[in-house]
Amino acid sequence: MNDACLYSDACLYIVATPIGNLEDITSRAVKILQSVDVIAAEDTRHTARLLNHLGIRKPMLACHEHNERDRSAQIIAKMAVGESVALVSDAGTPLISDPGYFLVASVREAGYRVAPIPGACALIAALSVSGLPSDRFFFEGFLPAKSVARRKRFQALSGFEHTWIVYESSHRIEESLSDMAEVLGVERGIVIARELTKLFETVLAGTVGECLERLQSDANQKKGEFVVLVRGAQPLSALDGIDESAARVMGVLMEELSLKQASHLTARISGGKKKALYDYGLSLKRKESE
Ligand code: SAM
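What counts as what
Residues numbered from 1 in each chain as written. Predicted model: local features only at pLDDT ≥ 70, side-chain atom pairs only at ≥ 80, totals over all residues. Heavy atoms only, no water. Helix = DSSP H or I, 4+ residues; strand = E, 2+ residues; numbered from the N terminus. Rg over C-alpha atoms; globule rule 2.2 N^0.38 Å. Buried < 20%, exposed > 50% of the residue type's maximum accessible area, 1.4 Å probe, protein only. Contact = heavy atoms within 4.5 Å. Lys, Arg positive; Asp, Glu negative; His and termini not counted. Charge placed at Lys NZ, Arg CZ, Asp CG, Glu CD. Pairing = 2+ DSSP bridges. Axes fitted to C-alpha atoms, helices over the stretch in contact; angles between N-to-C directions. Salt bridge = Lys/Arg side-chain N within 4 Å of Asp/Glu carboxyl O.

1. Regarding the overall build of the protein chain
- From N to C terminus, the protein chain includes 13 helices and 10 strands.
- Taking 19 Å as the expected radius of gyration for a compact globule of 290 residues, we find that the protein chain reaches 24 Å, considerably beyond that expectation.
- Among the 290 residues that make up the protein chain, the fraction classed as buried is 43%.
- Considering only intrachain contacts with a sequence separation of at least 6, the fraction spanning at least 24 residues in the protein chain is 68%.
- Taking the average place of the 34 positive charges on the side chains of the protein chain and the average place of its 37 negative ones, the gap between the two points comes to 3 Å.

2. As for the pairing of strand β2 (residues 38-41)
- Side chains of β2 alternate between two faces, with Val38 and Ala40 and Ile39 and Ala41 buried alike.
- Sheet topology note: the β2/strand β4 (residues 85-88) ladder contains 4 bridges and is parallel. Considered in β4, the bridge of Ala40 is made with Leu87.
- Of the strand pairs in this sheet, β2 and strand β3 (residues 60-62) are connected by 3 bridges, and their pairing is parallel. Its bridge partner lying in β3, Ala41 is registered against Ala62.

3. Quick notes on the sheet that holds strand β10 (residues 225-230)
- Pairing within the open sheet is mixed, and its 5 strands lie in the order β6-β7-β10-β8-β9. This sheet does not close on itself; its edge strands, each paired only once, are β6 (137-142) and β9 (202-207). Adjacent strand axes in the sheet meet at a mean angle of 20 degrees when their direction is disregarded.
- One ladder, built from 6 bridges, connects strand β7 (residues 163-169) with β10; its direction is antiparallel. Note that in β10 the partner of Glu168 across the bridge is Phe226.
- On top of the sheet, helix α8 (residues 173-184) reaches β7, β8 (189-194) and β10; it is set at about 10 degrees to β10, its chief contact.
- Here helix α9 (residues 208-217) sits on the sheet and contacts β8 and β9; the angle it forms with β9, its principal contact strand, is near 135 degrees.

4. Digging into the sheet that holds strand β1 (residues 11-15)
- With parallel pairing, 5 strands are arranged side by side in an open sheet as β3-β2-β4-β1-β5. Both outer strands of the open sheet, β3 and β5 (113-117), are each paired with one neighbouring strand and no more. Going from strand to strand, the sheet's axes swing by 25 degrees on average, the running direction of each strand aside.

5. Here we look at the side chain of Thr47
- As for its position among the elements, Thr47 is in helix α3 (residues 44-54).
- Of the residues examined, Thr47 reaches a relative accessible area of 3% and is grouped as buried.

6. Quick notes on the pattern of salt bridges
- Scanning the model with the defined rule gives 12 salt bridges in all.
- Between Glu175 and Arg150 there is a salt bridge, with its nearest N and O atoms 3.1 Å apart. Taken together, the positions of Glu175 in helix α8 and Arg150 in helix α7 (residues 147-157) put the pair 25 residues apart, joining distant regions of the chain.
- A salt bridge links Glu182 to Arg151; the shortest N-O distance between them is 3.8 Å. On the criterion of sequence distance, the pair formed by Glu182 in helix α8 and Arg151 in helix α7 is long-range, its members being 31 residues apart.
- Given the relative accessible area of 58%, Glu182 is considered exposed.
- It is possible to trace a salt-bridge network through shared partners that takes in Arg150, Arg151, Glu175, Asp179 and Glu182.

7. Digging into unusual backbone geometry
- Not every positive phi belongs to a glycine, and Leu95 is a case in point at roughly 80 degrees.
- Relative to the helices and strands, Leu95 resides in the loop between β4 and α5 (101-109).
- We note that Thr197 has phi near 70 degrees; this positive angle belongs to a residue other than glycine.
- Inspection of the secondary structure puts Thr197 in the loop between β8 and β9.

Here it is in structure tokens:
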């Protein structure tokens with residue numbers, strides 16, 4: 001941190017904006033947008049509509065993926081003379097599948113304060129209504145545009161045991177679900193959250209096969225913006241009928257002993273079946289070597 005920063009009140013505010021419904025902005029976000037010296041926006045014309053709706057007039061600076069490096073230097077220069085800046089994206093929380101990472105890292109590196117003004121985020125909104133386990137989850141962001149690369153990602157995520165989440169657009173949702181059906185199987189549970197907070201908000205829950213069929217039979221279901229949430233894979237221990245504590249013991253013993261010794265001892269400790277534990281150990285080893 002340099003000395004100038006120590007005495008500076010300048011702050012970069014990362015301000016979440018609505019993902020559809022314009023009412024979904026916090027009063028703190030509005031106050032911050034009113035008070036900063038400049039608003040850095042992913043698309044200034046898009047943000048102008050929001051500011052207009054809020055009755056805010058402020059100088060704006062375009063800050064998107066193609067000019068973020070140059071803009072970061074300019075924003076730091078502004079902060080050096082005590083100015084505060086708000087970063088907004090077109091929708092939701094900046095940096096979440098949106099520009100801003102380089103700017104935040106640079107401003108922090110330069111020693112200035114960066115403060116979050118939290119609010120809407122499509123993946124969190126979708127997870128909160130999905131009915132899928134939400135204690136742990138993984139956010140994949142946007143999938144690759146090409147089918148081969150997309151299938152590879154699905155393959156890599158297929159054994160993940162917690163809910164995972166992707167962003168998808170209207171022109172690829174059907175292809176993506178078809179790839180999902182191929183790689184994960186038509187029976188895997190998913191939830192498709194479409195147009196959240198907007199007029200045509202829908203939350204479809206079912207198997208990949210059922211949801212794909214619904215999309216193919218109703219063209220309206222392919223329109224808009226999507227969050228797709230995938231139910232995590234069944235744990236290997238559940239597939240082999242092993243209870244959770246025995247699976248844990250087995251995992252620890254396998255680090256030190258042969259599979260045969262580990263399953264023998266785990267059976268004695270847990271009262272579980274030696275053969276089932278041995279098979280579970282085998283599937284763990286197979287998964288490790290994949
Ligand atoms: N920063 C945003 C956030 O906090 O969620 C995400 C921006 S990313 C460029 C846009 C993607 O987010 C869309 O393609 C869609 O997958 C998802 N998304 C944004 N708004 C949504 C909405 N209202 N309903 C469903 N998905 C949405």
